[in-house]
Amino acid sequence: MTDQVEFSSFYRLLNSIKEGESEKISLLGEKINEFKNGDNSKNFLDELGSLYLSIGIIELYNFTNKKDLYEIGLIDKEGWDTLSSTNQQELPVYLANKMIEYVKENKKVKELSSKWNIKEGEIRKHITKMARYITEGIIDVIE
């Protein structure tokens, strides 16, 4: 990877909301919009990771049918097992697949290649790795 890409401040924001700091929910919404649009990204990996974070949180809401990270944080193992059964896959697989599908369906490789002047092959090498990296971070926060 070119530069170090990390999203610890975003994960701290998620964790604080999960821990009950509901006053930060509007900030989360702003961050998700910023990330989805690629605003303030430093390079193609940062933009890809940011995009995946925005998708990951929205899909977490879809998977759990909840839009409250505090409530999501209260789901027990039995609840997660039921959700996995309902969604016909485990959360990590679901999130990563949704991220990758979004990139393919919205031709993001071509867009990132043009924007950052990077070969499409270089971007493709990071599609799955970045999806796993971002998914792991989201899962770590909600556990």
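Since this is a predicted model, take the numbers as computed values, not measurements. (Residues numbered from 1 in each chain as written. Predicted model: local features only at pLDDT ≥ 70, side-chain atom pairs only at ≥ 80, totals over all residues. Heavy atoms only, no water.)

(A) Representation of the pattern of salt bridges. Evaluated as defined, the whole model comprises eleven salt bridges. Among the ionic pairs, Glu 47 bridges to Lys 115, the shortest N-O distance being 2.8 Å. Of this pair, Glu 47 sits in helix α3 (residues 44–64) while Lys 115 sits in helix α7 (residues 108–116), and the two are 68 residues apart along the sequence. Shared partners join several salt bridges into a network, and the residues in it are Lys 110, Glu 120 and Arg 124. (Salt bridge = Lys/Arg side-chain N within 4 Å of Asp/Glu carboxyl O. Helix = DSSP H or I, 4+ residues; strand = E, 2+ residues; numbered from the N terminus.)

(B) Looking closely at the packing of aromatic side chains. Tallied over the entire structure, the rule returns five aromatic pairs. One aromatic cluster in this structure is built from Phe 7, Phe 10, Tyr 11 and Phe 35. (Phe/Tyr/Trp six-rings, centres within 6.5 Å; stacked < 30°, edge-to-face > 60°.)

(C) A look at unusual backbone geometry. Not every positive phi belongs to a glycine, and Lys 107 is a case in point at roughly 50°. Structurally, Lys 107 is set in the loop between α6 (91–105) and α7. By relative accessible area, which is 59% here, Lys 107 ends up exposed. Phi is positive for Asn 117, which is not a glycine, with a value near 55°. Looking at the element boundaries, Asn 117 is found in the loop between α7 and α8 (120–142). Judged by its relative accessible area of 71%, Asn 117 falls in the exposed class. (Buried < 20%, exposed > 50% of the residue type's maximum accessible area, 1.4 Å probe, protein only.)

Bear in mind that shape data such as this cannot, by itself, settle questions of function.
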